[in-house]
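Structural description and commentary
Take a look at the letters that make up each chain.
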Amino acid sequence: METLRFIGDNASLILYLTVQHISIVGVAVGLAILTGVPIGIAITQNRRVADAVLYVAAIIMTIPSVALFGILMPVLSLTGHGIGYLPAVIAVLLYSQLPIIRNTYTAITNVDPALREAARGMGMRPWQRLWRVEIPLAVPVIMAGVRVAVVINIGITAIAAYIGAGGLGTLISRGISQTDQRQLVAGALAVSLLAIVADYALLWTQRRLTPAGVRA
Amino acid sequence: MITLDNLTKIFNTSMGPVTAADRVCMEVAEGEVCVLLGPSGCGKTTTLKMVNRLIEKTSGKILVGGRDTDTIDAVELRRTMGYVIQQIGLFPNMTVEENIGVVPRMLGWDSQRIRKRAVELLEMMALSPAVFLRRYPRELSGGQQQRVGVARALAADPPVLIMDEPFGAIDPINREVIQDEFLKMQQTLRKTILFVSHDIDEAVKMADKIAIFRGGKLEQFDSPDNVLAHPANSFIADFVGGDRTLKRLRLLKVRDVLNADSPSVRADESLDIAVRRMHEHDQGHIVVTDQDGRPTGCVLLADAVGRHGAAGDHARALPSPVRLDADLRGAVSSMFTHDAEWLPCVDEAGIFRGQITQRGITHRLGDTYRAAAHAAAVPADDGRPVAPQHFRGAAE
Amino acid sequence: MKTALAARYVPRFIPLPPLLPALAAAALFGLGVLVHATGLVDELASRWEDITFLSQQHMELVAISGGLAILCGVPFGILLTRPAVRRMAENAMQVLNIGSTIPTLAILALSMSVLGIGERPAIFALWAATLLPIVRNTYTGILEVPRHLIEAATGMGMTPLQILLRVEIPNALYVMFAGIRTALAVNVGTVPLAFLIGGGGLGELIFTGIDLNEPGMMLSGAIPTATLAVLTDLVVALVARFVVSRGVMPGDR
């Protein structure tokens, strides 16, 4: 009850923090798509390079987010941005690479060799094949990777509140330090809800982007 | 050995009850291969799976070795029957040896005995134990996997094998090879085998008895030759195909139509003897052999009359000889290829044993039709005229 | 066969691509030189006692919460695949999937709001965050075992329990281990947050370092945390190598 009243009283603050949260995740994942998809496509050319890239990305994934923030801080403080928005965005960007690169790579390599053969037989150039056959078929799988990245990173951005990045984690961190049940629960609920809604919204987009002929 | 008595299965589906097997009765003798044949959805697989109780029957009785299977625990029952399926179903987590050892292990064999048995079976399947025992299924080709699948089914030496389209997923060339191997094995093992197939050629090749199903009903249960020669109705006639008489050729061996009372002459015997023997047997040619009795050529009556000398000096080229145990399809094909009305036949050692003629073959294939016509004084099948066998005008 | 293999990328457990170890060694060496120049080594050395003590505490939390999660998650995942409960299994998985999108910090916060401060709420939250991937992978791993294997096993006269123990679980093990691996990686990475609700562990150095704006202190928490995460991952991968049949491991050929 208390919590509900708190939410009502602070609706505009919560909304502000939500927008801040979304902007960190949005910008970082957006950049991650711009880098991850081309990398994922490029590494389809060479199996060993692909293994190496995916392995490095997997190692980054195993580094705990708190540790990554910690490692980024002294490095970025050389430019005067040790805490706040920038390290948060960079961390999210890094964590988004694995799901996006891996899904892009898997999707492109999974395109039926017969289709590729047919496209070549019809006289398509490699670029045309990529644009007109491989990428359209890969889009839903890439989107699934984006979805995973977004959900993971909504959680990571919440932690970024501790390095001053703002977002909904602020409510939780304040709630913990002030042992304020209302802020704590409001923050936890808001960030959970955001993750769940984003998951469903992206799932919906993913289905929309799946060509009708490929839908199961 | 296996008796199905009014076996019935009714599935309750959302569309209402569906009868998958309708009062099926049949009996498979010990050591026989019975192929259950029919289009998809005809009830053959349901019938098969009721035997090892993967599907519980609705009513009827199944006797195996004289025992009512209802009186045996389903798990116990299945351990006494080898089971082979189309997808093979080797367990990927187990090596070949472990796969073969699954049932023996459940039966409590010790590991040495299991190893010995696995080695024995792999050798029987023409797979080197040293190479294959420790392999995992995914390291085998499709054909090798299928051989291991059969070995696994045979592991505990069950008297009965249940096979659900066992060779269905193998490419045609390998399938032929595996079928041949399997038949050879069956000749020594004499298992009682129920075998589902949708391929008439496979059925004709493998079966001692064919059971043809349609819509859950057993339409005909007979020997392959009878199914081909006397399809019980027009459905079966269509199913076995318009060339069913030609398919029968496969069932016959050269030996079956051999005329053993055929004259021959040694190359060093005189032409007069050759002519006399031709007259005796009332035929226009005679096979010339060497000292050991191997055919080397032939002399035609037209060439020999009024000439003298050794038979060998007047011999012509011989139509290619066929082996006694070859199947008749190959022999007939060879006749057409060489435009020959007869072929000399030899045994394993290559010794001349007699000849086969187009007329003899026609006669043999026609026997069964004539017998039926005499017996019933009705057409042999559903009123369609039985296609007469047109070989080129018989000899003489 | 070859194209099919190439077309399907299967993440590997242990085997590094051949050129990687050399690269990694070079990078490590370079990093070492760099780190030494910044005085980080001295920094770490001066806190060595704290680091070992907190690392131990850290791993205790991982062992307890992760162990409990495995002990609960695997049987629960198996239970969900049994025919008797299969009808409700899909609904249960839906709930679990939604649950797995909830950020770990939120789980910790909620746990704290119910159980208060200390080790117990920390362990509970870690357990909950670890549980979901384990249950999910156990469930899908077993469901993905091809139908015809079950049919072959049944036809050979295996009992349902024998089928579960000798066919279903062994063939699902790789996928189950992948779940455990993900879960423990999440777990190790979340333990620092547990410090926030009084759970202890290396988070103490990290968050105090952030608060005091002392990068050296923070790194002496962050670097061991990252190292522990990678080590845990390696250990699970090694155990999987040992336990999972070679015939089921992908990417070995």
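Along each chain, residue indices are assigned from 1 in the same order as the chain's sequence is written. Whichever chain is written first is A, and whichever ligand is written first is 1; the rest continue in order. Residue-level local features of this predicted model are given only where pLDDT is at least 70; pairs of side-chain atoms are given and counted only at 80 or more, and the full residue set underlies all totals for whole chains, interfaces and linings. To get the side-chain values, take all heavy atoms of the structure and skip hydrogens and water.

As for unusual backbone geometry
Residues and elements named next belong to chain B.
- One non-glycine residue, Asp282, lies in positive phi territory at about 55 degrees.
- Assignment of secondary structure puts Asp282 in the loop between α13 (271-281) and β12 (285-289).
- Since its relative accessible area comes to 60%, Asp282 is described here as exposed.
- Although it is not a glycine, Asp339 adopts a positive phi angle of roughly 55 degrees.
- Per the convention used, a helix needs a DSSP run of H or I reaching at least four residues, while a strand needs a run of E reaching at least two, with both numbered from the N terminus. On the secondary structure map, Asp339 appears in the loop between α15 (328-338) and β15 (342-346). Burial classes: relative accessible area under 20% of the type maximum marks a residue as buried, over 50% as exposed, and values in between as partly exposed (1.4 Å probe, protein chains only).

Quick word on the interface of chain B and chain C
- Every residue pair with non-hydrogen atoms within 4.5 Å of one another is taken to be in contact. Each side of the interface is counted separately: chain B has 26 residues, and chain C has 24 residues.
- For the pair chain B and chain C, the summed buried surface comes to about 2300 Å²; carbon and sulfur atoms form 56% of the total.
- Simply put, the buried area is the total loss of 1.4 Å probe accessible area from both parts when two parts are fitted together. Three residues stand out in chain B for area buried against chain C, namely B:Phe91, B:Asn93 and B:Arg138, and they jointly supply 29% of the buried area on that side.
- By definition here, a salt bridge exists when the distance from a side-chain nitrogen of Lys or Arg to a carboxyl oxygen of Asp or Glu is within 4 Å. For the pair chain B and chain C, the interface holds two salt bridges.
- Going through the elements one at a time, α2 (74-79), β6 (81-85) and α4 (102-106) of chain B are the ones with two or more residues in the side of chain B that touches chain C.
- In terms of residue count, the dominant contributor to the side of chain B that touches chain C is α4(B) (four residues).
- Each residue receives one of three labels: charged for Asp, Glu, Lys and Arg, nonpolar for Ala, Val, Leu, Ile, Met, Phe, Trp, Tyr, Cys and Pro, and polar for the others, Gly being one of them. Split by residue class, the side of chain B that touches chain C holds 13 nonpolar, five polar and eight charged.

Here's the deal with the pairing of strand β2 (residues 16-28) of chain B
Residues and elements named next belong to chain B.
- Bridge analysis of strand β1 (residues 2-13) against β2 gives nine bridges, and the strand direction is antiparallel. Within the sheet, the bridge partner assigned to Thr13 lies in β2 and is Gly16.
- Linkage of β1 to β2, two consecutive antiparallel strands, is achieved through a turn of two residues. For two strands to be treated as a pair, DSSP must find at least two bridges joining them.

Focus on the packing of aromatic side chains
- Classification of ring pairs rests on two measures: the distance between centres of Phe, Tyr or Trp rings, Trp counted by its six-membered ring, which must be within 6.5 Å, and the angle between planes, read as stacked under 30 degrees, edge-to-face over 60 and tilted in between. Scanning the entire structure with this criterion turns up six aromatic pairs over all chains.
- Ring centres 4.9 Å apart and planes at 70 degrees place the aromatic pair A:Tyr162 and C:Phe207 in the edge-to-face group. Of the two residues, A:Tyr162 is situated in the loop between α7 (126-160) and α8 (169-177) and C:Phe207 in helix α10 (residues 203-211); the pairing between them involves two chains. We note that A:Tyr162, like C:Phe207, is buried.
- Ring pairs connect the aromatic residues A:Tyr162, C:Phe195 and C:Phe207, which therefore count as one cluster.
- The aromatic ring of B:Trp109 is capped on one face by B:Arg113, whose charged end is 3.7 Å from the ring centroid.
- Only when the NZ atom of a Lys or the CZ atom of an Arg is both within 6 Å of the ring centre and within 35 degrees of the ring normal do we say a charge sits over the ring. The ring of B:Phe132 carries the charged tip of B:Arg135 above its face, separated from the ring centre by 5.2 Å.

With respect to the sheet that holds strand β5 (residues 67-68) of chain B
Residues and elements named next belong to chain B.
- Ordered by their spatial adjacency, four strands build an open sheet running β2-β1-β4-β5, and the pairing between neighbours is antiparallel. In this open sheet, the two strands that pair with only one neighbour each are β2 and β5.
- Where strand β4 (residues 59-64) meets β5, two bridges bridge the pair, whose relative direction is antiparallel. Bridge pairing in β5 places Val64 opposite Arg67.
- Those strands touched by helix α1 (residues 44-51) are β1, β2 and β4, and its axis lies near 115 degrees from that of β1. For helices, the axis comes from a line fit to the C-alpha atoms of the stretch in contact; other axes are also lines fit to C-alpha atoms, and the angle between any two N-to-C directions lies between 0 and 180 degrees.

Regarding the arrangement of the chains
- Taken together, the two pairs of chains in contact show their highest number of contacts between chains A and C.
- As for chain B relative to chain A, no contact occurs, and the smallest C-alpha gap between them is 20 Å.

Describing the sheet that holds strand β14 (residues 322-323) of chain B
Residue and element names in this part refer to chain B.
- Pairing in this open sheet of three strands is mixed, and the strands run β14-β15-β16 from one edge to the other. Pairing within the sheet leaves two strands with one partner each, and these edge strands are β14 and β16 (352-357).
- The pairing of β14 with β15 spans two bridges and is classified as parallel. The residue of β15 that forms the bridge with Arg323 is Val346.

Focus on the pattern of salt bridges
- Under the counting rule described, the total for this entry stands at 33 salt bridges over all chains.
- The partner of A:Glu117 in a salt bridge is A:Arg120, and the shortest N-O contact between them spans 4.0 Å. Here the residue A:Glu117 and the residue A:Arg120 both occupy positions in helix α6 (residues 113-121), the gap between them amounting to three residues, near one helical turn.
- Where B:Asp68 meets B:Lys61, a salt bridge forms, and the shortest distance between an N and an O atom there is 3.4 Å.
- Classification of B:Lys61 by relative accessible area gives partly exposed; the value is 40%.

Details of the environment of B:Glu280
Residue and element names in this part refer to chain B.
- Here Glu280 is to be found in helix α13.
- Overall, the relative accessible area of 56% leaves Glu280 in the exposed class.
- Sequence-wise, Glu280 and Ile114 are 166 residues apart; in three dimensions their C-alpha atoms are separated by 64 Å.

A word on the confidence of the model for chain A
- Known as pLDDT, the predictor's per-residue confidence is scaled from 0 to 100. Confidence along chain A averages 86 in pLDDT terms, with 98% of residues attaining 70 or more.
- The lowest-confidence element of chain A is helix α4 (residues 65-77) of chain A, averaging 79 in pLDDT; the highest-confidence one is helix α2 (residues 11-42) of chain A, averaging 92.

Observations regarding the nonpolar core
- Here, nonpolar core means buried Ala, Val, Leu, Ile, Met, Phe, Trp, Tyr and Cys residues that are tied together by side-chain atoms lying within 4.5 Å of each other. If you look at the biggest cluster of nonpolar residues, it comprises 91 residues, and the most contacted ones within it are A:Val150, A:Ile154, A:Leu168, A:Ile172, A:Ile176 and C:Leu193.
- The greatest single-element share of this core, amounting to 13 residues, is contributed by α7(A).
- B:Phe91, B:Trp109, C:Met93 and C:Val167 belong to the second-largest nonpolar core, a separate cluster that totals 44 residues.

What about helix α5 (residues 111-124) of chain B?
Residues and elements named next belong to chain B.
- Take the number of residues in a helix, subtract one, and multiply by 1.5 Å to get its expected span. Given a rise of 1.5 Å per residue, 14 residues ought to cover 20 Å, and the 20 Å separating the end C-alpha atoms of α5 matches this to within 8%.
- The inward-facing, buried residues of α5 abut α3 (96-100), α4, α6 (129-132) and α7 (142-154).
- N or O atoms within 3.5 Å of each other form a polar contact, as long as, within protein, one can give a hydrogen and the other can take it, and as long as residues adjacent in sequence are counted only when both atoms are side-chain atoms. Regarding α5, its N-cap is Asp110, as a side-chain oxygen of that residue lies 3.1 Å from the backbone nitrogen of Gln112 further along.
- Where α5 terminates, the next one or two residues include Ala126, which has phi positive at roughly 60 degrees.

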